[in-house]
Amino acid sequence: MSRSPALPPAEPGSAGFSALKARYLLLAFLSINGGVGLGVVALARLLPLPSDDPVLAYVVYCVTFVLTCIWSWQRGRRAHLQMRRLWSNWRAAIPWGSLLRVVPALVVLSMGTTLLMLYWVSLSFPELAESMLDSLGEEEGETAWPQVYQGLRWLSIAVVAPITEEWLFRGILLHRWSLKWGLDRGLLASSVVFGLLYPNPLGLTVFGLVMGLLYLKARSLSLPILAHALNNILALALGSLGGGVVEQVDPIGSFHLYYSLCCLVLAGFIVIPFLRCHWPERGAHLPYFVNCSHSC
């Protein structure tokens, strides 16, 4: 039996989220991405830079996601939504103890699920698995501007991704789908779609669930944005300091399997209790409407 809807149907302002349907958001994203991609290719011709340089990929990513967020903000305002309520409660206390436990656990979980996926792929397609493993490494040598590449890489992963992805998936899609299907299903759907955008869908789906629960708890995007940024910075730091030791083990085999299972067990001791403890209660309200009741 499903839980009760996240909000009563007559909740003031809920109709405005119909203007933020997922298909509209996807269409806007694809249109913006296409336009930005063409613009960047044209710009590359004016610069001493190949059109396939990875620097350009980060430029396209940053501009596309920022413009998509701006589009969603403007569309929501035209639908008479007070978009600032999705960001409200900035002064909420930060649960550092909880963050410093769950964020490293999410990084370990991501490592475990990635290696487990590579192991299973290697059983039938060993060359594909090795190629996927190699793609996890640094791309510095493939760019004409290594310093610019590193700067854009850190900017994209540590700043742009946490802000824009949390806005789109937790701020917009979580509200839209929770109003349509109920909070439990909206939380799951927004997390699954978030996970499917990455090569590691299982690990990133769990990551999306944790970010959604942090958002519901704090009623502000500041907490999941901070957690997202810490997660990405830790993952980048581990990679820079030699966290890719498992990439040097050739070929993919039992080592990767055992390593991944150890990661999953260790992360599970923290992530599973977190999900159980913070899962929203029956009839819980979404941040936009709770913030409305506090500010109206």
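**Student:** Is there a simple way to think about the packing of helix α7 (residues 201–218) against helix α9 (residues 254–278) in this case?
**Tutor:** Helix-helix packing is characterised by the crossing angle of the two axes and by the distance between the axes. It is at 10 Å that the axes of α7 and α9 come closest, and there the two elements cross at 40 degrees. Accordingly, the angle class assigned to the pair α7 and α9 is oblique. Of the two possible hands of crossing, α7 and α9 adopt the one that is left-handed. Where α7 approaches α9, its residues V206, L209, V210, L213, L214 and K217 are matched on the opposing element by V271, F274, L275 and H278. Looking at the contact of α7 with α9 residue by residue, the classes come out as 8 nonpolar, 1 polar and 1 charged.

**Student:** For this particular structure, what's the right way to read the environment of H285?
**Tutor:** One can find H285 in the loop between α9 and α10 (287–295). Measuring from C-alpha to C-alpha, the distance between H285 and L216 comes to 8.4 Å, with 69 residues separating the pair along the chain.

**Student:** Before we go on, may I ask you to explain the nonpolar core in this structure?
**Tutor:** A general trend in soluble globular proteins is that nonpolar side chains are found buried together. Core analysis: the largest hydrophobic core is formed by 52 residues, its most contacted members being L86, L106, W167, V210 and L214. Put simply, the parts of the chain that give this core at least two residues each are α2 (54–78), α3 (96–124), α5 (146–181), α6 (183–196), α7, α8 (222–240), α9 and α10. A per-element tally of this core places α7 first, with 11 residues. Here W167 is in contact with C69, S72, W73, M83, L86, W87, I172 and L221, once residues within four sequence places are set aside. V40, A44, L49 and V60 belong to the second-largest nonpolar core, a separate cluster that totals 7 residues.

**Student:** Looking at this structure, how should I read α2?
**Tutor:** Since one α-helical turn is 3.6 residues long, residues separated by three or four positions face the same way. For α2, built from 25 residues, the straight-helix expectation of 36 Å at 1.5 Å per residue is met to within 8% by its first-to-last C-alpha distance of 36 Å. By the N-cap criterion, in which a side-chain oxygen at the helix start approaches the backbone nitrogen of a residue two or three places on, α2 is capped by D53, the distance to V55 being 2.9 Å. Two residues or fewer past α2, H80 is found with a positive phi of approximately 70 degrees.

**Student:** In this structure, what is going on with the packing of aromatic side chains? I would like to understand it.
**Tutor:** We describe a pair of aromatic rings using the distance from one ring centre to the other and the angle between the two ring planes. Taken as a whole, this structure holds 14 aromatic pairs when the rule is applied. Between the aromatic rings of F194 and F207, the centroid separation amounts to 6.0 Å while the plane-to-plane angle is 20 degrees, which identifies the pairing as stacked. Of this pair, F194 sits in helix α6 while F207 sits in helix α7; the two residues are 13 residues apart in sequence, bridging distant segments of the chain. For the pair F194 and F207, a shared accessibility class is recorded, and that class is buried. Cluster of aromatic residues (ring-pair linked, three or more members): F169, F194, Y198 and F207. Note that R85 overlies the ring of Y288, its terminal NZ or CZ placed 5.6 Å from the centroid.

**Student:** I keep staring at the confidence of the model for the chain and nothing clicks. Help me out?
**Tutor:** Parts of the model with low pLDDT should not have their predicted coordinates read in detail. Looking at the chain as a whole, its pLDDT mean stands at 85, while 86% of the residues score no less than 70. Low pLDDT, under 50, characterises residues 1–10; the predicted model gives this stretch 24 contacts beyond four residues in sequence or across chains.

**Student:** Please explain the side chain of D184 as it appears in this structure.
**Tutor:** Position of D184 relative to the elements: it lies in helix α6. The buried category is assigned to D184, whose relative accessible area is 18%.

**Student:** Is there a simple way to explain the environment of H278 in this structure?
**Tutor:** Within the secondary structure, H278 is located in helix α9. Sequence-distant contacts of H278, that is, excluding residues within four places in its chain, are made with L213 and K217. Within the structure, the side chain of H278 is placed 3.0 Å from the backbone oxygen of F274, a separation counted as a polar contact.

**Student:** I keep staring at the packing of α5 against α6 and nothing clicks. Help me out?
**Tutor:** Where α5 meets α6, the axes come as close as 7 Å, and the angle between the chain directions of the two elements is 140 degrees. With respect to each other, α5 and α6 are oriented oblique. As α5 packs across α6, the resulting crossing turns out to be right-handed. Contacts between α5 and α6 involve E165, F169, R170, L173, L174, W177, S178 and W181 from the first element and L183, R185, G186, L187, A189, S190, V193 and F194 from the second. Residue composition of the contact of α5 with α6, grouped by class: 10 nonpolar, 3 polar and 3 charged.

**Student:** Got a minute to help me understand helix α1 (residues 22–46) in this structure?
**Tutor:** The terminal C-alpha atoms of α1, which comprises 25 residues, lie 36 Å apart, in line with the 36 Å expected from a rise of 1.5 Å per residue. All of the buried residues in α1 are L25, A28, I32, V36, V40 and A44. Buried residues in α1 make contact with α2 and α5.

What counts, and where the lines are drawn
Residues numbered from 1 in each chain as written. Predicted model: local features only at pLDDT ≥ 70, side-chain atom pairs only at ≥ 80, totals over all residues. Heavy atoms only, no water. Axes fitted to C-alpha atoms, helices over the stretch in contact; angles between N-to-C directions. Helix = DSSP H or I, 4+ residues; strand = E, 2+ residues; numbered from the N terminus. Parallel < 35°, antiparallel > 145°, perpendicular 65-115°, else oblique. Left-handed = near helix turned anticlockwise from the far one by under 90°. Contact = heavy atoms within 4.5 Å. Nonpolar A, V, L, I, M, F, W, Y, C, P; charged D, E, K, R; others polar. Core = buried A, V, L, I, M, F, W, Y, C linked by side-chain atoms within 4.5 Å. Buried < 20%, exposed > 50% of the residue type's maximum accessible area, 1.4 Å probe, protein only. Expected span 1.5 Å × (residues − 1). Polar contact = N/O pair within 3.5 Å; in protein donor to acceptor, adjacent residues only side chain to side chain. Phe/Tyr/Trp six-rings, centres within 6.5 Å; stacked < 30°, edge-to-face > 60°. Lys NZ or Arg CZ within 6 Å of the ring centre and 35° of its normal. pLDDT = per-residue confidence, 0-100.

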